[in-house]
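Structural description and commentary
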Amino acid sequence: IDRDGKSQPIYFGLSLNVDNKFRIDPLSGDIHAVVPLDREKQDFYSLTAVATDGLHNSTAIVSITVLDINDNAPKLPFSQISRTISENTANGTVVVPPSLIQGTDADIGLNSLLTYEIIGAGNVGDAFECDNATGEVTVSGNLDYETRNRYEILVQVQDNGSPVVFSSSATVTVSILDQNDNSPIFSPDAYTHSMKEDINGGTTVVKAMASDRDSGSNARLTFGMVGGDQGQFRIEADTGLVHTVSRLDYETQNYYELNISVHDNGATWRYGYATVNVTVEDVNDWTPTFSSRLYSRTVLENISVTTTLFTVNATDGDGTSPNNKFFYTLMNCTPVIGLKQFFLHPDNGDFYTTTTLDRERWDGYDFLITATDRGKPALSSTSQISVTVLGVDDNPPVFAPDYFGRLVSEGANIGDNIVTVSATDADVGMGGAIRYSLDAGDPKGHFTLDAVTGLVSLSKSIDRETDDYYVLDIKATDQGPSHLTATAQVVINVTDVNDNIPEFVPACNGSGITLSRYETFQKGWSLVKLSASDRDINDNALLYYRITTASTALNPVPFFIDTINGNITTLATFDRERNDEYKFTVEVRDNGASPLSSFCNILVKVVDVNDNPPIFATPSVIINVPEDAQRGYIVSSNTATDADIGTNSIVTYNITAGNDDGTFSIDSTTGRVSLVGGLDRENIASYFLSVVGTNDRATPEFNATYNILVRVADINDKTPVFSQSVYTTSITEFTPIGTVVVRLTASDGDLGQNSVLSYSIVSGNTDGNILSFFELRNDTNLVVAHTLDFEVRKSFNLVIRVTDNAPDTSKRLSSTAVVIINIVDENDNAPHFVASSYSFTLSESVDVLTEFGGVMAVDSDTGKGRAITYSIEGGSGVGVFGIEPDNGTLTVISPLDYETAKSYTLQLVASNVLAGPGQQGQVLKSLPITATIMVTDVNDNYPVFGETIYYAGIPLRSAPPHRVVTVSATDRDSPPYSTIRYRLLTPEPAPGTQFSINSRTGLITSDTYYVDFTQHVLDLTVQAYDNMGNSPSLTTDVAVTVYLLDPSFQLVFIFDQNVTSARENINVIEKWIMNLTNAVVHIAGVRTHLEENGVNSTHSDVYVYIINPIINQVVPIHTVFTAVRDRLDRDTGDRELRIFGETILKFVGVMEPVSPLGAGDVFPNPPTQKSVLEETYFVALLTVGIILFLVLLFIILAICCLRRRRKERQQHQQMLWRSNFFATPPDSMASIDNFQHDGNSLAGDDQELIDVTRQSKKKKKKSDQFQANPIWVQPYAPWEDEEGSHRQHRHHGDDDEEEEVTVRTTYESSGQQGGGGRFAFSNPVTTVEEYEEEEEGPSAISMDMRANPLYESQEIKMDMFYTSDSDDDDGDTAFNVNQFNDNSTDDLDQMGSDAQLLEATIELEETEAEDPMTLI
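My aim in this report is to walk through the structure given alongside it, one point at a time. If you're wondering where the values come from, they're calculated on a predicted model, not measured in any experiment.

Considerations on helix α4 (residues 1066-1077)
Over its 12 residues, α4 runs 16 Å from end to end, which matches the ideal 16 Å to within 8%, given 1.5 Å per residue. Restricting attention to buried positions, one finds in α4 the residues Ile1069, Trp1072, Ile1073, Leu1076 and Thr1077. When α4 is viewed along its axis, its buried side chains cluster within an angular range of 115 degrees and face the same direction. Facing away from the buried side of α4, by more than 90 degrees, are the exposed residues Asn1067 and Lys1071.

The following block contains the structure:
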């Protein structure tokens, strides 16, 4: 805005606009980005906006914060990761640490928050899981090398941006390592070989063959020598090749019996052994031997031809000819030319030259010679001859090139390098060593030559104006005895530098040049021509002229100078009366890179001529002369002026008329008219005088006339006077127009008209376009005439004049006074913040009363109007943060907690108080702005365990590994501080024990086999540490008590519900038994109740250990019996187990397990008293046993009919159930995921709870528990077709009725290697392939199975309940059980011979059933 009050257009602009990334609309002031912004490169800009109305400018700082958008995809450190683990790797083991998989995102905030997951089909069987926060990949399932030895899983990381989500992925290849369980075997286990004694070392004798049924490093074999080799043989560890170490000697030993071994490379090596028999055959085995391995000689290159250098000599150990007869041969030479220059005599071994030698071509020769005997086969040996050729000084130095040209500036520094000359000499030694010298061309010693390097450098300053080039003769001399030489020439041209100042010619001395010209000198005439010279050359000597004196009103310079030739001409005709002289300075400058200048001062004096007439300032005047004027009274001093000077300006004055009576006289020189006689106003009231002025001394002569009217009048001799000379007052900028500011008073001692006063404002009342701010009313009242604005003008100094009204205005007298008016500021402008918003970041650990930042507002008012008060008007941070009212400093006033609030906002307002008329006390507020405070987390919460102490038990004589207990802790901090890891502080609580903990899951395991342990209680300490152990890290310890449990102390508590119900309420049962016994309870398992007459499925047996926590010992069975009887005798109500007041099951009794499947005595009460409960129990049990089989099918059908009809179709759901199948013998059982089998029972006697997760398209999850209770059923009769064997079950249901159908089958395998098949249950689709092509349709269940080759037979049991709508006309629902043989199914892999792990995968898919399938 512009407060001038007029509609002056305002224009806007930007300064400090770095990189021109923004523009501002010059009219509207809107700021736009002209290029795309990138927060990752620059997230903040500070611009200066300028507003102007042509006269005044105003600036404002514009702060631009670039907000983030999700425009960067996360990046992983590696796109391919390979890891290798053993097949027995425990669950929870880290496969890929965060350091390898943790990604980065260039964005910030939520856009950079990354989430990890495993996608795709590569994670077969959910063998691995990924931490969503860190990306850490760990083992989550059992690994089996024989089933799958390699996984390729795809880990995807995606950010949490909105609306666009970016992701990246990395492929993790996990290789599974086998374990070692087979010893290697040689095939055959004995070898025989014959060989001659002349076989060289390293000759293969035999290749030993061995094999190992393991794989990987367990099957990688390493061979070794055990003994019998006498140091003459070795075996390659990798290949089994047996080699000779050295040459054999028949005369020393002719037979060897070697013992060799082979071992695999498993963790514990397994060995196999074999023998190798070697017979040695005699041959010619003595080789000629040289007396020296190297014959060497040094010769001069001028040696004579046929000179014998030396004689070689060799001997042969063989005793007979021709084996001990030999000859010499030159085999090869480096260089090859040596074979032509030298000769080796084959018989006597003389070695001599055949040609002249030249060291410059070849300075040495290396020969390979042989001595070969004449045996069959012939044997030979080699030696070397080395000849070194020394040179003589026969080559002069050579310059290449022999001419060097260089340009050197005359401003070069002493020591500067100019050129390096170089010569070469083919000789070596001193004959090839060259020294350089300067022969001629430098008589004054300007240059230095380095004798060794040939470097020419400057040793004395050079001057081009003295010598502009140099020719140096350089000589190179070798240091041989001949001192051969060569010469080269160096031509140095000196280049000019601008080192000479231009000089005027003739010289312009210190006073300069003075010229005189008449004022009649015309425009365009030549004043003078200047000339200068410069000793430099080229551009440095090119001169330019200019006048450096600026022309001003006080010192005009009406001249022009030609920049090239220095001619000065006039730009105007001279006029001495205007300017009688001219002073200016002329510069002459050369054209060098750093130009040099000289200056000359010129004075032009203008000579006068008489060209101006005299002139009176006033041609006529009226003068009032008081009648009491005395003699000599000066009537008039009006003189004539003449612009000329000297005699041309002298004026002579005369009164030519009106002075007939001689009352007045005139001074002929000064022109002063004075009174020489008395005045009488009544006689003569006035006089009219004519005065003439003449310059009669000049030629030509000029004159002028002026008239004087002299009036005789009364005199005015009193000056009016103000009552005070300075008036001072203050008014506010809101003072209304017309308000009286000051009342003026003045007085005059004259009488009549001479005493009548008038007032006027002389100065200080205008400003720009405003003509007057104040005016006088009624002469003496000074009032406001225009609106005032303190921000425009803060004070006025008015000059007020008072004047009397004497009739002769020239005689009027006056005086002045000053009125000082100070404008007082009013609060008429609201404050405003300098920024549109503020953002701060604080750690939650910041102290209370910490000042962490501030805000600032400004107000264009002054004084109290600028007193700004800051306040918080709202926002989530009210009560948490405070603001200093006076300066806007923000302070923490309440502790911060990241876990409670991660960010706060404050609504900030700046205000002041209005003070103008009608506005007193009114608060003027700024527009509110928002300050955002982001709170960052610190690690301030300790991990918290779910239990204060954990209890667990390990049965004695049970096979490891033992899953002891899982501890769990939570942390209220945010990631990564809340990422908890676990460690055992006591991994060996007792000698011979070993515990470990999964640092991620908290699962404690033990690999110790506890047989008969004297210490029955093991105390462990587990520490949970947050932030993954990185600093800072907080820890919490928890105690874990592990009891070693003897099965003989096991008790069975009997309850009146089936196994499913008991397992669902196992926690209630445990708590009930603890309350009953006041002891620690460890539940070993839940099974169907066994009686003498068989199985009672309506009751369940809970196998428990009762532990006295005080002495930490398992309570004997008889003690528990007694305690339970006593407790139940006191309170029979304790037999009922309730949840929320509702009885869910009832305690029947307790018994001692005679055997896992045997019956025992039940003692709910003391043996001497049979309670009504016991009698009722046996009667009911007998009754149920008789009728159970008859009514079982009826009950199942009745339950199915009572189910409600489905109200709506559910969306597609999937369940994945993973379990074991059973095989004999019992010790072959494997543990997969949550399903564990203790190996002590077969079908029907072991039941486990299996977690099954089902997920719909709406991503709603529900966890159900299904009971695995396989029932033995004989297989149905198969029938054959082209694809394989089939078993079909058909159920006929009622039309349009919902039916529950049970399909049950058992498969038996012969156990052949590679045998197996795929089973599919479908309705009504008959093959898995057809089912997979259906988009919507009935449910199907399929299972892949492989035979275990270690046993002759195995059985798989699968039961399923399926609720079906019989919507077809005939009401039939068919279930087909299909077996596909390996030879008819392409996607089934063949099973290797070492298959051991038994696993079945069942996939259920449901589209229409209201309830999920239930597996029993």
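A look at the sheet that holds strand β8 (residues 114-119)
Pairing is mixed in the open sheet, where 4 strands are placed in the order β6-β12-β11-β8. Edge strands, defined here as strands with exactly one partner in the open sheet, are β6 (80-86) and β8. Within the sheet, the average angular offset between the axes of one strand and its neighbour, ignoring direction, is 25 degrees. Judged from the 6 bridges that link them, β8 and strand β11 (residues 150-159) form a sheet pairing that is antiparallel. The residue bridging Ile118 from the neighbouring strand is Val155, located in β11.

Let's talk about the pattern of salt bridges
Here the structure, examined in full by the defined rule, presents 18 salt bridges. A salt bridge links Asp68 to Arg39, with the nearest nitrogen and oxygen atoms 2.9 Å apart. Linking Asp68 in the loop between β5 (57-65) and β6 with Arg39 in the loop between β3 (31-33) and β4 (44-52), this pair joins segments that are 29 residues apart in sequence. Neither residue differs from the other here; Asp68 and Arg39 are each classed as buried. Arg464 is the salt-bridge partner of Asp496, the closest N and O atoms lying 3.0 Å from each other. Remark: Arg464 occurs in the loop between β37 (455-458) and β38 (469-478) and Asp496 occurs in the loop between β39 (485-495) and β40 (503-504); sequence separation between them is 32 residues.

Here's the deal with the pairing of strand β28 (residues 350-353)
Covered by surrounding structure in β28 are Phe351 and Thr353 only, the residues Asp350 and Tyr352 on the alternate face being uncovered. The pairing of strand β24 (residues 308-311) with β28 spans 3 bridges and is classified as antiparallel. The partner of Thr311 across the bridge, within β28, is Asp350. Two elements, strand β27 (residues 342-344) and β28, share 3 bridges in a ladder whose sense is antiparallel. Looking at β28, one finds that Phe342 is bridged to Thr353. Counting the residues that bridge the hairpin from β27 to β28 gives 5 residues, and of these Gly349 lies at a positive phi of roughly 80 degrees.

Comments concerning the packing of aromatic side chains
Taken as a whole and judged by the stated rule, the model has 40 aromatic pairs. With a centroid separation of 6.4 Å and an interplanar angle of 20 degrees, the aromatic rings of Tyr365 and Phe367 are classed as stacked. Accessibility expressed as a relative area gives 1% for Tyr365, which makes it buried. The buried category is assigned to Phe367, whose relative accessible area is 2%. Both rings, one in Phe559 and one in Tyr582, keep their centres 5.4 Å apart while their planes meet at 90 degrees; by these two values the pair is edge-to-face. Separated by 23 residues along the polypeptide, Phe559 in strand β45 (residues 559-561) and Tyr582 in strand β47 (residues 581-590) bring together distant segments of the chain. Summarising the burial analysis for this pair, Phe559 and Tyr582 share the class buried. Three or more aromatic residues joined by ring pairs make a cluster, and in this case those are Phe290, Tyr295, Phe310, Phe326, Tyr328, Phe342, Phe351, Tyr365 and Phe367. Seen from the ring of Tyr151, Arg148 lies directly overhead, with NZ or CZ sitting 5.6 Å from the centre.

Definitions and limits used
- Per chain, residue numbering runs from 1 following the sequence as it is written.
- Residues qualify for local features only when their pLDDT is at least 70, as the model is predicted, and side-chain atom pairs are given and counted only at 80 or more; totals for whole chains, interfaces and linings, by contrast, use all residues.
- Values reported for side chains reflect all heavy atoms of the structure, with hydrogen atoms and water molecules removed beforehand.
- The numbering of helices and of strands both runs from the N terminus, where a helix is a DSSP run of H or I of at least 4 residues and a strand a run of E of at least 2.
- What a helix should span is 1.5 Å times the count of its residues minus one.
- The buried label goes to any residue with under 20% of its type's maximum accessible area, the exposed label to any with over 50%, and the partly exposed label to all in between, with areas taken from a 1.4 Å probe on protein chains only.
- It is the directions from the helix axis to the C-beta atoms that the arc portrays.
- Paired strands, as defined in this entry, are two strands with at least two bridges between them according to DSSP.
- Between N-to-C directions, angles cover 0 to 180 degrees, with each direction set by a line fitted to C-alpha atoms, over the stretch in contact for helices.
- By salt bridge we mean one thing: a side-chain nitrogen of Lys or Arg within 4 Å of a carboxyl oxygen of Asp or Glu.
- Only Phe, Tyr and Trp rings take part, Trp by its six-membered ring, and two of them pair if their centres are within 6.5 Å. Stacked means planes under 30 degrees apart, edge-to-face means over 60, and tilted covers everything else.
- Only when the NZ atom of a Lys or the CZ atom of an Arg is both within 6 Å of the ring centre and within 35 degrees of the ring normal do we say a charge sits over the ring.

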